[in-house]
Amino acid sequence: PTSQNFYINNLIADKEGIIWFSYKDDPYLICLNPKNQKSKYFKLPPQNNCWPANKDGSFILYANALIENYQGQFWIGTNQGAIILFDKKQEKFIKQYTISEQAPISSIVEMDNQRLCVTTVNKGFCFVNTNTGKQGNRYNLNPTLPKSFYSNIFCMIKDKRGNLFIGTLNDYLYYFDVKQKK
């Protein structure tokens, strides 16, 4: 890690049992083979053709969310509001879409093989076409509450019917019916 104040930000095991993780404040996706203890590091690509960095030169781009899709590739959500597709067989990043300028991606759920639901800190969530990067409507959960309560989404899961449970700041848990869009 390039930061002295690091911690593991994401941790998943892929379908083959390989461990994938990232550190907060570190621009790498890391894989670890538990059988031989060998690691590989994959540096995240620049966003908008530049590497965001602090004044002291430390990186401020890192993976904030990580999921394995149906094809065995990884969607990575960054702290700078982008989603990036990583092909582990080719060992390279193959797609990148900006979802929300300067709003960290907090979680990603694959809805089907052409659509993701992407949540952000402070800007609600939206559905994204995985082929084009086109975003659907942005949803905030409960506009009657102060903005910080309903737009700070930290986690999300999809139930067996394809609907979403969404966890927010201050202990709110929302249920979102995808078909009814509410």
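Up top you'll find the structure we're talking about.
Residues numbered from 1 in each chain as written. Predicted model: local features only at pLDDT ≥ 70, side-chain atom pairs only at ≥ 80, totals over all residues. Heavy atoms only, no water.

Chemist: I keep staring at the overall build of the protein and nothing clicks. Help me out?
Modeler: A tally of helices and strands in the protein yields one helix and 15 strands. Among the 182 residues that make up the protein, the fraction classed as buried is 48%. Accessible surface, the protein: about 9,900 Å² in total, of which carbon and sulfur atoms supply 50%. (Helix = DSSP H or I, 4+ residues; strand = E, 2+ residues; numbered from the N terminus. Buried < 20%, exposed > 50% of the residue type's maximum accessible area, 1.4 Å probe, protein only. Areas by Shrake-Rupley, 256 points an atom, 1.4 Å probe, with all protein chains shown as cover.)

Chemist: Please explain a nonpolar patch on the surface as it appears in this structure.
Modeler: A contiguous nonpolar patch, built from I157, F165, L173 and Y175 and spanning about 400 Å² of accessible area, is present on the exposed surface. Topologically, L173 is positioned in strand β15 (residues 173-176). (Patch = residues over 30% accessible without salt bridge, like charges linked within 9 Å, V, L, I, M, F, W, Y side chains within 5 Å. Salt bridge = Lys/Arg side-chain N within 4 Å of Asp/Glu carboxyl O.)

Chemist: Which parts of the structure should I look at to understand the layout of surface pockets?
Modeler: Using a probe with the size of a water molecule, rolled over the atoms, empty space left in the structure can be pinpointed. Volume-wise, the largest pocket comes out at about 200 Å³. Considering the residues around the largest pocket, the lining is formed by 14 residues, among which I18, W20, C31, K40 and E91 are closest to the centre. Within the residue set of the lining of the largest pocket, elements represented by two or more residues are β3 (28-33) and β4 (38-43). Ranked by residues supplied to the lining of the largest pocket, first place goes to β4 with four residues. Residue composition of the lining of the largest pocket, grouped by class: four nonpolar, three polar and seven charged. (1 Å grid on protein atoms, 1.4 Å probe; cavity = no way out; pocket = protein on both sides within 12 Å on 5 of 7 lines; lining within 4 Å. Points joined across faces, edges and corners; volume = space filled by probe spheres on them. Nonpolar A, V, L, I, M, F, W, Y, C, P; charged D, E, K, R; others polar.)

Chemist: Help me out: how do you make sense of the nonpolar core in this one?
Modeler: A general feature of soluble globular proteins is that nonpolar side chains tend to end up buried together. Judged by nonpolar contacts, the single largest core of 14 residues is most densely connected at M111, C117, F125, F127, L164, I166 and F176. Contributing elements (two or more residues each) for this core: β9 (105-112), β11 (125-129), β13 (153-158), β14 (164-168) and β15. Setting aside residues no more than four positions away along its own chain, I166 makes contact with F125, L141, I153, C155, M156, Y172, L173, Y174 and F176. (Core = buried A, V, L, I, M, F, W, Y, C linked by side-chain atoms within 4.5 Å. Contact = heavy atoms within 4.5 Å.)

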